[in-house]
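Survey of secondary and tertiary structure
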Amino acid sequence: MKNLLKRKVRRNLDLYLLILPVLVYFIIFEYYPMYGVQIAFKDFIATKGIGGSPWVGWKHFVRFYESYYFWRLIKNTLGIGLYELVVGFPVPILLALMINEVRSRLFKRVVQTVTYAPHFLSTVVIVGMLFLFLSPQSGLVNQLLQWFGFEPIKFMTSPGWFKSVYVISGVWQQMGWSSIIYLAALSGVDPQLHDAAKVDGAGRLRRVWSINLPVIAPTIIILLILNVGRILSVGFEKVFLMQNSLNAEASAVIATHVYQAGIIGAQYSYSAAVGLFNAVINFLMLIVVNSIARKVNDTSLW
């Protein structure tokens, strides 16, 4: 058995060497830091270290659950995550299908360049653009609203507009980049299928529905599972940059709460417990959605 294993390793040594940097990366930056997760179950004292700090069990998890802001954080985080999934997930698919139907190579390249470009802008730049364009005094959007006879809207300070501004700006920034994987899947469509469908009298929309969509359906399902698995992982940076005292009611999410409690408040054990709670919920959702996908469509991550 050992000799057989050695022969397999020697035969595929180049492949093992190729994957070695990835394994080293995950061990150093993903698995080794998990040792520190135990501070979520301790009252961490820096002078005593992780091992010497007293064990308190579920104390910090209970504290988070019983806090007055628990349900507000869950509601805001889940609301933004679902909003992002419902609005942001289908847009790259539609964009990829439309780009794939374009016959002019020049026009296709222009569209791809224009839609890909926002992905390379930093989050700080994007939020700065939002403040400029959505300013109630000088913003382009409000100037257009006033030109049509409407009152200016305080987009960046109104709790009711926070989720929409966050999600729609995110869709604009990422839709082009996210469509790449669908375009790659569409490149594998056999042209003979379209030719046969044309002979049978199928129009363009019918061919997209009956040929292109079934081909990319496994890709769509896999990405949907991954997106649902991080539905509570609303990004910290953009929310934090958009957050202010006026929209805090709608912009307070788990990520910003961890920052405020852990970094600003130095409550390391408590913030670790909140972060671990978030990760576990995401993991459970990933398992559930993956199981449903496997039973319904025989397509899943495992």
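These remarks concern the structure in this document. These numbers come from a predicted model, not from an experiment. (Residues numbered from 1 in each chain as written. Predicted model: local features only at pLDDT ≥ 70, side-chain atom pairs only at ≥ 80, totals over all residues. Heavy atoms only, no water.)

Let's shift gears to the overall build of the chain. Along its length, the chain carries 16 helices and zero strands. For a compact globule of 302 residues, the expected C-alpha radius of gyration is about 19 Å, and the chain comes in at 24 Å, more than 25% above that figure. Judged by the C-alpha coordinates and their principal axes, the chain covers about 80 × 75 × 35 Å. Looking at the chain as a whole, 33% of its 302 residues qualify as buried. (Helix = DSSP H or I, 4+ residues; strand = E, 2+ residues; numbered from the N terminus. Rg over C-alpha atoms; globule rule 2.2 N^0.38 Å. Buried < 20%, exposed > 50% of the residue type's maximum accessible area, 1.4 Å probe, protein only.)

Quick look at the side chain of Arg-207 now. As for its position among the elements, Arg-207 is in helix H12 (residues 204-228). One buried charged residue, Arg-207, remains without a salt bridge, the closest side chain of opposite sign being Glu-101 at 4.8 Å. Within the local environment of Arg-207, its side chain forms a polar contact with the side chain of His-194, the two groups lying 3.4 Å apart. Among residues more than four places away in sequence, those in contact with Arg-207 are His-194, Ala-197, Lys-198, Ala-202 and Asn-212. (Lys, Arg positive; Asp, Glu negative; His and termini not counted. Salt bridge = Lys/Arg side-chain N within 4 Å of Asp/Glu carboxyl O. Polar contact = N/O pair within 3.5 Å; in protein donor to acceptor, adjacent residues only side chain to side chain. Contact = heavy atoms within 4.5 Å.)

Two measures describe an aromatic ring pair: the distance that separates the ring centres and the angle between the ring planes. Inspection of the entire model under this criterion finds 22 aromatic pairs. Residues Phe-64 and Phe-277 carry aromatic rings whose centres are separated by 5.6 Å and whose planes lie at 65 degrees to one another, so their mutual orientation is edge-to-face. With Phe-64 in helix H4 (residues 59-66) and Phe-277 in helix H16 (residues 268-297), the pair connects residues that are 213 residues apart, well separated along the chain. Residue Phe-277 is classed as partly exposed on the basis of its relative accessible area, which comes to 22%. A connected cluster of aromatic rings, assembled from ring pairs, spans Phe-64, Tyr-65, Phe-70, Trp-71, Tyr-270 and Phe-277. Between the NZ or CZ atom of Lys-238 and the centre of the ring of Tyr-166, over which it lies, the distance is 4.9 Å. (Phe/Tyr/Trp six-rings, centres within 6.5 Å; stacked < 30°, edge-to-face > 60°. Lys NZ or Arg CZ within 6 Å of the ring centre and 35° of its normal.)

Attention now goes to unusual backbone geometry. One non-glycine residue, Ala-266, lies in positive phi territory at about 55 degrees. Structurally, Ala-266 can be placed in the loop between helix H15 (254-264) and H16. Classification of Ala-266 as partly exposed rests on a relative accessible area of 41%.

Following both chains from N to C, one finds helix H6 (residues 90-101) and helix H7 (residues 105-116) inclined at 155 degrees, their axes separated by 9 Å at the closest point. When the axis of H6 is compared with that of H7, the two are roughly antiparallel. Both H6 and H7 take part in a crossing whose hand is left-handed. Judged by residue contacts, Leu-95, Ile-99 and Asn-100 of H6 engage Lys-108, Val-111, Gln-112 and Thr-115 from H7. The class makeup of the residues in the contact of H6 with H7 is three nonpolar, three polar and one charged. (Axes fitted to C-alpha atoms, helices over the stretch in contact; angles between N-to-C directions. Parallel < 35°, antiparallel > 145°, perpendicular 65-115°, else oblique. Left-handed = near helix turned anticlockwise from the far one by under 90°. Nonpolar A, V, L, I, M, F, W, Y, C, P; charged D, E, K, R; others polar.)

Residue placement: Val-125 occurs in helix H8 (residues 123-133). The exposure class of Val-125 is partly exposed, given its relative accessible area of 40%. Here the alpha-carbon distance between Val-125 and Ile-231, two residues 106 residues apart in the chain, equals 24 Å.

For Gln-173, the location among the structural elements is in helix H10 (residues 159-186). In terms of polar contacts, Gln-173 uses its side chain to reach the backbone carbonyl oxygen of Leu-121, at 3.0 Å. Discounting residues that sit within four places of it in the chain, Gln-173 has contacts with Pro-118, His-119, Leu-121 and Ile-126.

This next bit is on the pattern of salt bridges. This model, assessed by the stated rule, comprises three salt bridges. For Glu-101, the salt bridge identified is with Arg-103, shortest N-O distance 3.9 Å. For Arg-103, a relative accessible area of 58% translates into the label exposed. Glu-101 is the salt-bridge partner of Arg-204, the closest N and O atoms lying 3.4 Å from each other. With a gap of 103 residues between them, Arg-204 in helix H12 and Glu-101 in helix H6 connect regions that are remote in the sequence. Counted as one network, the salt bridges with shared partners bring together Glu-101, Arg-103 and Arg-204.

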